[in-house]
Amino acid sequence: MQALQPFHLAFPIRDIEETRTFYQDLLGCEIGRSSEKWIDFNFFGHQLSAHVKLEELALAEANQVDGQKVPVRHFGVVLEWEDWHDLAARLKNHQVKFIIEPYIRFKGEVGEQATMFFLDPSGNALEFKAFQDPKQIFAK
C-alpha cells in the first residue's frame, strides 16, 4: 500500500482561544498558521483549519452503531492501541464529557476497535479509535 498523505479538513468554531487551548493543550496538536478568524493545527500529522463561523455551528444528528448513538458528522484519527488508551486516560483525568465513553466496539467481531467520542468547545464531534490488528480497519 502506498504511504498515506496527510488530509486537510476545515471546520467551524466559535472562538480561537478556546479552540487553541483544547487542540494544543489537551490533544497535543502543534499550532500552524493563524489569524483572527482561523487557526491551523497539526492533527496527528494531518492539517486541520478551524475557522470562526458561528452560523455554521450545529449539533450533529446521530445514527445507531453497535447500540450507541454515533454523531453522523464527526472527524478524528486512528491511533496506535497504546496511544488510544493514553489519550482516553488523559481525557478522563481532564474530566472531558464523552458522547460515547471509551470502549471496545464490535468486540469479537470483524472490525473490532477501541473508540470514544467527545465534543470540542464549539460542539464539533470527534472520534478517536484504535485497532489491535491494523488489518481490521477496512475489514468487511
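Residues numbered from 1 in each chain as written. Predicted model: local features only at pLDDT ≥ 70, side-chain atom pairs only at ≥ 80, totals over all residues. Heavy atoms only, no water.

### Details of the sheet that holds strand β8 (residues 98-105)
Phase 1 of the analysis: In spatial order, the strands read β7-β10-β9-β8; together these four strands make up an open sheet with mixed pairing. Of all the strands in the sheet, just β7 (74-79) and β8 have a single pairing partner and so form its edges. Ignoring which end each strand starts from, the neighbouring axes of this sheet average 15° apart.
Phase 2 of the analysis: In the sheet, β8 pairs with strand β9 (residues 113-119) via five bridges, with the strands oriented antiparallel. When the sheet's bridge partners are listed, Phe-98 is paired in β9 with Phe-118. (Pairing = 2+ DSSP bridges. Helix = DSSP H or I, 4+ residues; strand = E, 2+ residues; numbered from the N terminus. Axes fitted to C-alpha atoms, helices over the stretch in contact; angles between N-to-C directions.)

### Considering the sheet that holds strand β1 (residues 8-13)
Phase 1 of the analysis: Spatial strand order, β1-β4-β3-β2: four strands in an open sheet with mixed pairing. Both outer strands of the open sheet, β1 and β2 (30-34), are each paired with one neighbouring strand and no more. The sheet shows a mean angle of 25° between the axes of neighbouring strands, taken without regard to direction.
Phase 2 of the analysis: Strand direction decides the pairing type here: β1 and strand β4 (residues 46-52), joined by six bridges, are parallel. Opposite His-8, over in β4, you have Gln-47 as the bridge partner.
Phase 3 of the analysis: Taken strand by strand, helix α1 (residues 16-26) contacts β1, β2, β3 (38-43) and β4, and its axis lies near 5° from that of β3. (Contact = heavy atoms within 4.5 Å.)

### Side note on the confidence of the model for the protein chain
Phase 1 of the analysis: Of the residues in the protein chain, 99% have a pLDDT of 70 or more, and the chain-wide mean is 93.
Phase 2 of the analysis: The least confident element of the protein chain, judged by mean pLDDT, is strand β6 (residues 68-71) at 87; the most confident is β3 at 98. (pLDDT = per-residue confidence, 0-100.)

### Focus on the nonpolar core
Phase 1 of the analysis: Counting 29 residues, the largest nonpolar core has Tyr-23, Leu-27, Phe-43, Leu-91, Met-116, Phe-118 and Phe-128 as its most contacted members.
Phase 2 of the analysis: Those elements giving two or more residues to this core turn out to be β1, α1, β3, β4, β7, α2 (81-93), β9 and β10 (125-130).
Phase 3 of the analysis: It is α2 that provides the largest number of residues to this core, a total of five residues. (Core = buried A, V, L, I, M, F, W, Y, C linked by side-chain atoms within 4.5 Å. Buried < 20%, exposed > 50% of the residue type's maximum accessible area, 1.4 Å probe, protein only.)

### Points about unusual backbone geometry
Phase 1 of the analysis: Phi angles above zero are rare outside glycine, and Phe-44 is one such case at about 55°.
Phase 2 of the analysis: Residue position: Phe-44 is located in the loop between β3 and β4.
Phase 3 of the analysis: Not every positive phi belongs to a glycine, and Phe-106 is a case in point at roughly 55°.
Phase 4 of the analysis: Here Phe-106 lies in the loop between β8 and β9.
Phase 5 of the analysis: Residue classification places Phe-106 among the partly exposed positions, given a relative accessible area of 23%.

### Quick look at the pattern of salt bridges
Phase 1 of the analysis: Under the criterion given, the structure shown has six salt bridges.
Phase 2 of the analysis: Residue Arg-14 pairs with Glu-18 through a salt bridge whose shortest N-O separation is 2.5 Å.
Phase 3 of the analysis: Glu-18 sits in the partly exposed class, given a relative accessible area of 25%.
Phase 4 of the analysis: Of the charged contacts in the structure, one is a salt bridge between Glu-127 and Lys-129, with a shortest N-O distance of 3.8 Å.
Phase 5 of the analysis: Exposure remark for Glu-127: the relative accessible area of 8% places this residue in the buried category.
Phase 6 of the analysis: Look at the salt bridges and you will find they share partners, linking Arg-105, Glu-127 and Lys-129 into a network. (Salt bridge = Lys/Arg side-chain N within 4 Å of Asp/Glu carboxyl O.)

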